[in-house]
Amino acid sequence: MTPISVRPAEGEDAATVAVLVHALLDELSGGKAPAVEEITERAKAVLSETGVVAVIACADDAPIGVMTLNECSAIYAGGKFGEISELYVRPEARSKGIAQQLLDHAQQEARARGWKRIEVGAPGQPEWHRTLDFYLRNGFEEVGPRLRRLV
């Protein structure tokens, strides 16, 4: 198996992050993701924020996975905590421990920042049950559905 490296994304990695996030959104939406150019502009803006960490997983220097992690605050959480906004591994590279390495990086980041928890929203069930099962196997627990309201 090819060795996998995981590294923090820098501002100049916005296009790489965008391509991977586009693939995630495309898969989740059944091919209805916004154009990759739009996602690239979003990635540039988000990656410039101080409370955002993006991590890229590579095999033979080819990007195969991405995770974005945001710092949030809430009273129920006892202050600051991390939220995984996006986590994606290309289909051909799945079930090889890459997502696990990305989660390990999230754990390290959480400890370094003094967070007591990391939260993540899983996609709709039962269609994406493998994603939910992955998070449950990695110590996450279900706390209810996540809702949104566009403004």
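In this text the structure is predicted, and so the values were computed from the model without any measurement.

(A) Highlighting the overall build of the protein chain. Each helix and strand in the protein chain was counted, giving 4 helices and 5 strands. Traced from its N-terminal end to its C-terminal end, the protein chain shows the element sequence β-α-α-β-β-β-α-β-α. Taken against the 2.2 N^0.38 rule, which gives 15 Å for 151 residues, the C-alpha radius of gyration of the protein chain at 15 Å falls within 12% of a compact globule. Taken along the three principal axes of its C-alpha coordinates, the protein chain extends 40 × 40 × 35 Å. In the protein chain, which comprises 151 residues, the proportion classed as buried is 37%. Excluding contacts between residues fewer than 6 apart, the proportion of contacts in the protein chain whose partners are at least 24 apart in sequence is 57%. Entry remark: accessible area of the protein chain is about 9,400 Å², with carbon and sulfur atoms responsible for 51%. Within the protein chain, the 22 negative side-chain charges are centred at a point lying 4 Å from the centre of the 17 positive side-chain charges.

(B) Region of the structure containing the nonpolar core. Residues Met67, Leu69, Ile84, Leu87, Leu102, Leu103 and Ile118 are the most contacted members of the largest nonpolar core, which totals 22 residues. Elements that contribute at least two residues to this core include exactly β2 (52–59), β3 (62–74), β4 (79–89), α3 (98–113) and α4 (129–137). With 6 residues, α3 is the largest single contributor of residues to this core. Every residue in contact with Met67, bar those within four places of it in the chain, is listed here: Val53, Ala54, Val55, Ile84, Glu86, Leu87, Leu102, His105 and Ala106. Grouped together as the second largest cluster of nonpolar side chains are 16 residues, Ala14, Val17, Leu47 and Val66 included.

Definitions and limits used
Residues numbered from 1 in each chain as written. Predicted model: local features only at pLDDT ≥ 70, side-chain atom pairs only at ≥ 80, totals over all residues. Heavy atoms only, no water. Helix = DSSP H or I, 4+ residues; strand = E, 2+ residues; numbered from the N terminus. Rg over C-alpha atoms; globule rule 2.2 N^0.38 Å. Buried < 20%, exposed > 50% of the residue type's maximum accessible area, 1.4 Å probe, protein only. Contact = heavy atoms within 4.5 Å. Areas by Shrake-Rupley, 256 points an atom, 1.4 Å probe, with all protein chains shown as cover. Lys, Arg positive; Asp, Glu negative; His and termini not counted. Charge placed at Lys NZ, Arg CZ, Asp CG, Glu CD. Core = buried A, V, L, I, M, F, W, Y, C linked by side-chain atoms within 4.5 Å.

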